[in-house]
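# Working through the structure, step by step
Okay, here's what each chain looks like letter by letter:
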Amino acid sequence: MLYRTLKRMIERGQTEGLEEKIDIFFAANKLTKAEYDALMEALPKEAEA
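Notes on the structure in this doc start here. (Residues numbered from 1 in each chain as written. Predicted model: local features only at pLDDT ≥ 70, side-chain atom pairs only at ≥ 80, totals over all residues. Heavy atoms only, no water.)

Moving on, we get to the packing of helix α1 (residues 2-11) against helix α2 (residues 18-27). Where α1 meets α2, the axes come as close as 12 Å, and the angle between the chain directions of the two elements is 165°. What the angle tells us is that α1 and α2 run roughly antiparallel. Considering how the two elements wind past one another, α1 and α2 form a crossing that is left-handed. Counted together, Leu-2, Leu-6, Met-9 and Ile-10 of α1 and Leu-18, Ile-22 and Phe-25 of α2 form the full contact between these two elements. Classifying every residue of the contact of α1 with α2 gives seven nonpolar, no polar and no charged. (Axes fitted to C-alpha atoms, helices over the stretch in contact; angles between N-to-C directions. Helix = DSSP H or I, 4+ residues; strand = E, 2+ residues; numbered from the N terminus. Parallel < 35°, antiparallel > 145°, perpendicular 65-115°, else oblique. Left-handed = near helix turned anticlockwise from the far one by under 90°. Contact = heavy atoms within 4.5 Å. Nonpolar A, V, L, I, M, F, W, Y, C, P; charged D, E, K, R; others polar.)

Written as structure tokens, this is what we have:
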């Protein structure tokens, strides 16, 4: 359920601060390694300054 919600947020472009939240969910064992990897891969890559 959490994975689907996060994936939908990424698809809708609601990604502000999402990377940190995904990290926290993974650290708290709310996401599997495969789910974590898929979500991080789906996040848009921000240009580094």
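Attention shifts here to the packing of aromatic side chains. All chains considered together, the criterion is met by one aromatic pair. Ring geometry for Phe-26 against Tyr-36: centres 4.4 Å apart, planes inclined by 20°, an arrangement best described as stacked. On the criterion of sequence distance, the pair formed by Phe-26 in helix α2 and Tyr-36 in helix α3 (residues 33-42) is long-range, its members being 10 residues apart. (Phe/Tyr/Trp six-rings, centres within 6.5 Å; stacked < 30°, edge-to-face > 60°.)

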